[in-house]
Amino acid sequence: AKRCAFLVESIDPILPPFDCGEGLTEEDELRRQAKNGLDERLLVHVYTDDMSDAEKEEAARPYRERLDFELDVIVQMGFPGYFLIVADFIQWSKDKGIRVGPSRGSGAGSVVAWALTITDLDPLKFGLLFERFLNPERVSMPDFDIDFCQDRRDEVIRYVQDKYGHDHVAQIITFGKLQARAVLRDVGRVLQMPYGQIDRISKLVPNNPANPVTLKEALEQEPGLKAQYREDDAVKHLIDQALQLEGLYRHASTHAAGVVIGDRPLDQLVPLYRDPKSDMPVTQFSMKYVESTGLVKFDFLGLKTLTVLDRAIAHVRDGGLDMDIADIPEGDETTFEMLGRGETVGVFQLESSGMRDVLRQMKPDKFEDIIAIVALYRPGPMDNIPKYIRTKHGQEEPDYPHMMLEAILAETYGIPVYQEQVMQIAQVMSGYSLGEADLLRRAMGKKIKSEMDQQRVRFVDGAKKNNVRPDTANFVFELIEKFAGYGFNKSHAAAYALVAWQTAWLKANHPAAFMAASMTLDMGNTDKLDVFRQELKRLRIPLLPPDVNRSGVVFGVERDAPGGGEVLGIRYALAAIKNVGREAMAAIVRARDADGPFKDLFDFITRVETTTLNKRQLENLARAGAFDCLNSNRRQVMKSFDVLLGYANRQAADRASGQMGLFGGGDAAEANADRPPLPEMPAFDDLERLAEERGAIGFYLSGHPLDDYQKRLRQKGVWALERLPDAFAEGMTSLMLAGSVSALQVRRSAKGRAFAFISLSDPSGECEILCFGDVLNAHRDQLEVGWNGVFRVEIRRDREEPTLTLIGAEPIDAFVADAAAGARITLSAPDALPTIKSILDRAQGGRGLVQLTLRDSQVMNEVSMQLPAAYSVDRSLQRSLKTIPGVIDVSDI
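Remember, predicted model here, so these are calculated numbers, not experimental data. (Residues numbered from 1 in each chain as written. Predicted model: local features only at pLDDT ≥ 70, side-chain atom pairs only at ≥ 80, totals over all residues. Heavy atoms only, no water.)

## Observations concerning the overall build of the protein
Then step 1. Of regular secondary structure, the protein possesses 38 helices and 19 strands.
Then step 2. A separation of at least 24 residues holds for 69% of the contacts in the protein among residues at least 6 apart in sequence.
Then step 3. Summing over all exposed atoms, the protein offers an accessible surface of approximately 42400 Å²; the carbon and sulfur share of this is 49%.
Then step 4. Each charge sign in the protein was given a centre, from 109 positive and 132 negative side chains, and these centres are 6 Å apart. (Helix = DSSP H or I, 4+ residues; strand = E, 2+ residues; numbered from the N terminus. Contact = heavy atoms within 4.5 Å. Areas by Shrake-Rupley, 256 points an atom, 1.4 Å probe, with all protein chains shown as cover. Lys, Arg positive; Asp, Glu negative; His and termini not counted. Charge placed at Lys NZ, Arg CZ, Asp CG, Glu CD.)

## Topic: the sheet that holds strand β1 (residues 145-149)
Then step 1. If you trace the six strands from one edge of the open sheet to the other, you get β1-β6-β3-β2-β5-β4, paired in mixed fashion. Lying at the two open borders of the sheet, with one neighbouring strand each, are β1 and β4 (272-274). Strand-to-strand, the axes of this sheet are offset by a mean angle of 50 degrees, without reference to chain direction.
Then step 2. Relative to strand β3 (residues 249-261), strand β2 (residues 169-177) runs antiparallel, the two sharing eight bridges. Within the sheet, the bridge partner assigned to threonine 174 lies in β3 and is serine 253. (Pairing = 2+ DSSP bridges. Axes fitted to C-alpha atoms, helices over the stretch in contact; angles between N-to-C directions.)

## Observations concerning the nonpolar core
Then step 1. Within the largest apolar cluster, 114 residues are counted, with the highest numbers of intra-cluster contacts made by Leu506, Phe555, Tyr572, Phe604, Leu621 and Phe627.
Then step 2. Per-element accounting of this core gives the leading share, 13 residues, to helix α23 (residues 490-509).
Then step 3. Not counting residues within four places of it along the chain, the set of residues in contact with phenylalanine 627 comprises Val548, Leu601, Phe604, Leu618, Leu621, Ala622, Val637 and Phe641.
Then step 4. Judged by nonpolar contacts, the second largest core, of 54 residues, contains Leu42, Ile90, Val112 and Trp114. (Core = buried A, V, L, I, M, F, W, Y, C linked by side-chain atoms within 4.5 Å. Buried < 20%, exposed > 50% of the residue type's maximum accessible area, 1.4 Å probe, protein only.)

## Some points on the packing of aromatic side chains
Then step 1. One pass over the structure, following the stated rule, counts 29 aromatic pairs.
Then step 2. For the pair phenylalanine 604 and phenylalanine 627, a centre-to-centre distance of 5.0 Å together with 80 degrees between the ring planes defines the contact as edge-to-face. Of this pair, phenylalanine 604 sits in helix α27 (residues 601-607) while phenylalanine 627 sits in the loop between α28 (615-624) and α29 (634-638), and the two are 23 residues apart along the sequence.
Then step 3. For phenylalanine 604, a relative accessible area of 1% corresponds to the buried category.
Then step 4. The buried category is assigned to phenylalanine 627, whose relative accessible area is 1%.
Then step 5. Counting every residue linked through ring pairs, the aromatic cluster contains Tyr82, Phe83, Phe89, Phe133, Phe144, Phe148, Phe298 and Phe300.
Then step 6. Geometry around tyrosine 432 places arginine 458 over its ring, the cationic atom sitting 4.2 Å from the centre. (Phe/Tyr/Trp six-rings, centres within 6.5 Å; stacked < 30°, edge-to-face > 60°. Lys NZ or Arg CZ within 6 Å of the ring centre and 35° of its normal.)

## Thoughts on unusual backbone geometry
Then step 1. Phi at lysine 363 takes a positive value of approximately 50 degrees, unusual for a residue other than glycine.
Then step 2. A residue is classified by how much of its surface remains accessible, and lysine 363, at 44% relative accessible area, is partly exposed.
Then step 3. Here the phi dihedral of asparagine 579 falls at roughly 60 degrees; this positive angle occurs in a residue that is not glycine.
Then step 4. Within the secondary structure layout, asparagine 579 lies in the loop between β9 (564-571) and α26 (582-595).

## Some thoughts on the pattern of salt bridges
Then step 1. Per the stated rule, a full pass over the model turns up 57 salt bridges.
Then step 2. With its nearest N and O atoms 2.8 Å apart, the salt bridge here joins lysine 392 to aspartate 365. One end of the pair, lysine 392, is in helix α17 (residues 385-392); the other, aspartate 365, is in the loop between α15 (353-362) and α16 (367-376), and 27 residues separate them in sequence.
Then step 3. The class for lysine 392 is buried, based on a relative accessible area of 14%.
Then step 4. Overall, the relative accessible area of 49% leaves aspartate 365 in the partly exposed class.
Then step 5. Between arginine 390 and glutamate 396 there is a salt bridge, with its nearest N and O atoms 2.7 Å apart.
Then step 6. Residue classification places arginine 390 among the partly exposed residues on the basis of a relative accessible area of 34%. (Salt bridge = Lys/Arg side-chain N within 4 Å of Asp/Glu carboxyl O.)

## Re the side chain of glutamine 419
Then step 1. Here glutamine 419 lies in helix α19 (residues 419-430).
Then step 2. When residues no more than four places from it in sequence are discounted, the contact partners of glutamine 419 are Arg132, Arg441, Phe483, Gly487, Phe488 and Asn489.

## Re the environment of leucine 204
Then step 1. Counting through the fold element by element, leucine 204 comes out in the loop between α8 (195-203) and α9 (215-221).
Then step 2. When its relative accessible area of 22% is taken as the criterion, leucine 204 is described as partly exposed.
Then step 3. For the pair leucine 204 and phenylalanine 175, spaced 29 residues apart in sequence, the C-alpha to C-alpha distance is 25 Å.
Then step 4. Look past the residues within four positions of leucine 204 in its chain and what remains in contact with it is Glu222, Gly224, Leu225 and Gln228.

## Describing the pairing of strand β6 (residues 297-303)
Then step 1. Burial of β6 is extensive: six of the seven residues sit out of reach of the surface.
Then step 2. Relative to β6, β1 runs parallel, the two being bridged by five bridges. For phenylalanine 148, the partnering residue across the bridge sits in β6 and is glycine 302.
Then step 3. One ladder, built from three bridges, connects β3 with β6; its direction is antiparallel. Bridge pairing in β6 places glycine 258 opposite aspartate 299.

## Observations regarding the packing of α16 against α17
Then step 1. Their axes nearest at 11 Å, the elements α16 and α17 cross at an angle of 160 degrees. By the criterion of interaxial angle, the relationship of α16 to α17 is roughly antiparallel. As for how α16 packs across α17, the hand of that crossing is right-handed. Touching Glu368, Asp369, Ala372 and Leu376 of α16 are Ile385, Tyr388 and Lys392, all from α17.
Then step 2. Residues that form the contact of α16 with α17 fall into these classes: four nonpolar, no polar and three charged. (Parallel < 35°, antiparallel > 145°, perpendicular 65-115°, else oblique. Left-handed = near helix turned anticlockwise from the far one by under 90°. Nonpolar A, V, L, I, M, F, W, Y, C, P; charged D, E, K, R; others polar.)

## Some details on α8
Then step 1. Burial in α8 covers these residues: Gln197, Ile198, Asp199, Ile201 and Ser202.
Then step 2. Contacts made by the buried residues of α8 are with α7 (180-190), α10 (223-231) and α11 (233-245).

## Details of the environment of arginine 274
Then step 1. Mapped onto the elements of the fold, arginine 274 is located in strand β4.
Then step 2. Residue arginine 274 is classed as exposed on the basis of its relative accessible area of 51%.
Then step 3. Between the C-alpha atom of arginine 274 and that of alanine 170, which follows or precedes it by 104 residues, the distance is 9.9 Å.
Then step 4. Not counting chain neighbours up to four residues away, the residues in contact with arginine 274 comprise Asp279, Met280 and Pro281.

## Describing the sheet that holds strand β15 (residues 823-827)
Either a parallel or an antiparallel arrangement is found when strands of a sheet pair, and the pairing is made through backbone hydrogen bonds.
Then step 1. Ordered by their spatial adjacency, four strands build an open sheet running β18-β17-β15-β19, and the pairing between neighbours is mixed. Strand pairing shows two members of the sheet lacking a second neighbour, β18 (861-866) and β19 (887-892), which therefore form its edges. Averaged over all adjacent pairs, the angle separating strand axes in this sheet is 20 degrees, with direction ignored.
Then step 2. Sheet topology note: the β15/β19 ladder contains five bridges and is antiparallel.

## Examining the environment of proline 265
Then step 1. Topologically, proline 265 is positioned in the loop between β3 and β4.
Then step 2. Note: C-alpha distance between proline 265 and tyrosine 164 (101 residues apart in sequence) is 9.9 Å.
Then step 3. Discounting chain neighbours no more than four positions away, the residues touching proline 265 are Asp167 and His168.

## Structural notes on the side chain of glutamine 502
Then step 1. Position of glutamine 502 among the secondary structure elements: in helix α23.
Then step 2. Residue glutamine 502 is classed as buried on the basis of its relative accessible area, which comes to 12%.
Then step 3. In this view, glutamine 502 contacts Leu309, Ile325 and Ile328; residues no more than four positions away in its chain are not counted.

Now the structure itself:
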């Protein structure tokens, strides 16, 4: 590939001819489409109703001048066909209702691209530069990064294949390398070492996808790995072999987005490879070399957020409101207020905890603030965020290096944020053309000393002609040189900010629709679904449990009337239950839609195709509560599927043979008489039910294991997790929390010391606790997922946000055992009293009081009495009382 690249390094770009119609060249067609498209954009986005013709012409003038300039450059560089091809498949996608992103990357700086609807941001309005995309002084391939709805991206690629020929279109190869863990596993397998041993050894290598650790580094940092290397000859041999192979190519794959389109069958230009997972050919040259052969790369990216937008808008329309995301207002106060509160869970680019903290401090009030925060919130420029916030709020004056740069830096309060500002500074202060300024920006990014020395002389000499002193020019040059290393592309930031604004607007104005769509796109990620569940709780939007008679395959907005009405909540998706499968859940929904809601378990099992459902899937539906509408005894339902499936199979066999059952042809009672009895089973108690539910869903949905402890925990001074911000604000240094361990991640420091992140949940929320050294060792046996305890924590303020560090923990039952608590037993009938008495007799001698309440549903009346004795009221006693027939509820008093 390197030899081929050398031979063809000066080849003209290879693009298929674009069908322009009779008598038109690609240049003619591009100019025609661009000018017509610009007229439409001006009409919608620039002109206002009160403008005169002269005012419209004046407003249009800079756009027309910029368009003519860009068209000349595009023609000069030989890329009219490229723009026409990209515009064609984007316009086709929009016509087919496939959501397309605003185009990220430097292409958003092109007025021609805006006119052709390739991009959706007005480049002049936001100060985006064409030369950042195409520069005649630096000939390079154009590259539009186009995002498509994740679910329909393949349709666009198929359209391109059909239009230009399946043998003219191919994906681009990539190569996976053997990294530290993978090379240990592969070498261990070849050496026929036990799988368990290989697994343990490979897990000693720290896993950090953002900054992968090499095997050599792991051997130096991890005491456990180092010890095994020294003490076990087999492990030493394994690691020695792996060190020699690490970094080599392991397998071929395909580029996530890159596609090339040729003017002839691609096997005449490059060697091809057939990926067994795809019906598209793949170039054997990677991206670096395939472009050297003259082929132009087109990026077809799938962006999940666009699919979220699509689904959210569909939910809004289902509620009776017709809307288009392109029509949302740029200055919506509701959205800015939500951003200022940092309530951005699920909002594109703005949902990390650090980003939410910045939003709370910044309180953005214009779209340009969102562009700036997208560009600033990354290593390097992040140091400028406090100054940006202070100057924005008038607490500090902007600091301009020279007054002639004020117009360029005023938008960002005197702070260079964008690469485009570097180019404009060079243009204004030193007389660079924007093409030259782009070369300066690139030179600064590469930090090539010889080139930088030449650029400094050019910059200072140019500044002299504008009466700028050499010391000032040198100061500005050094300032932008330092900044250019991490400055961000404004065109890219603005495109991402637009998608961020769209998602934020939907969340602020249609939260149920937005959250339902977001949850659907993260159905396979239990941790993310739990985050969304907590956000719904904060938004006071009920998350309704899964239900075979109400749930869809995906998450849906449930309303009190078909086609509109008030939002009742978000109905949990059937396919989001673990290990059930999307196709099987679709079969349930089809059967329900065809003949109405299911009447009982037998009706369900005979109407749904049992070939699509197995016992494990049905059991998980039962554990999650999806059959509660048909039978609320989840234990009985779970134990009934052998009977139910046998019944369904017999019914199917009878139908296939044309026979009727013994009681066929009679009334409903007779038709049901051949149904076998379901096994008698006591219902789950609350803790058992929640444990089963968590196993099927991934978190507690209908309640929490600590629900029954809340009164006694409050009596003993335990803080609810939702009140942690109050504790931070009050300056507390330590407190007690109670919760259920929902996740535990044990890590090792650079020095090899173990520490852990403990995720804790209670009925009000979740938090994370850090646990170090001796405390972790002391409680390691207790700290398992699902353990309920009371945690004594220290509040540390040595970071940007307060952190919780574990001091000690104990089981929750032991902690509340001495709390003076009692129980209120609510009965539906006095028949339960003898059983209640026998259970309470065994619990005498405690400090808890017991109150009996008889609820008469016919006269809507209650009669209560308190028993004279005291009892040992614990969770075990309450669970036993709840299982008694006739007991409606048992609660703390």
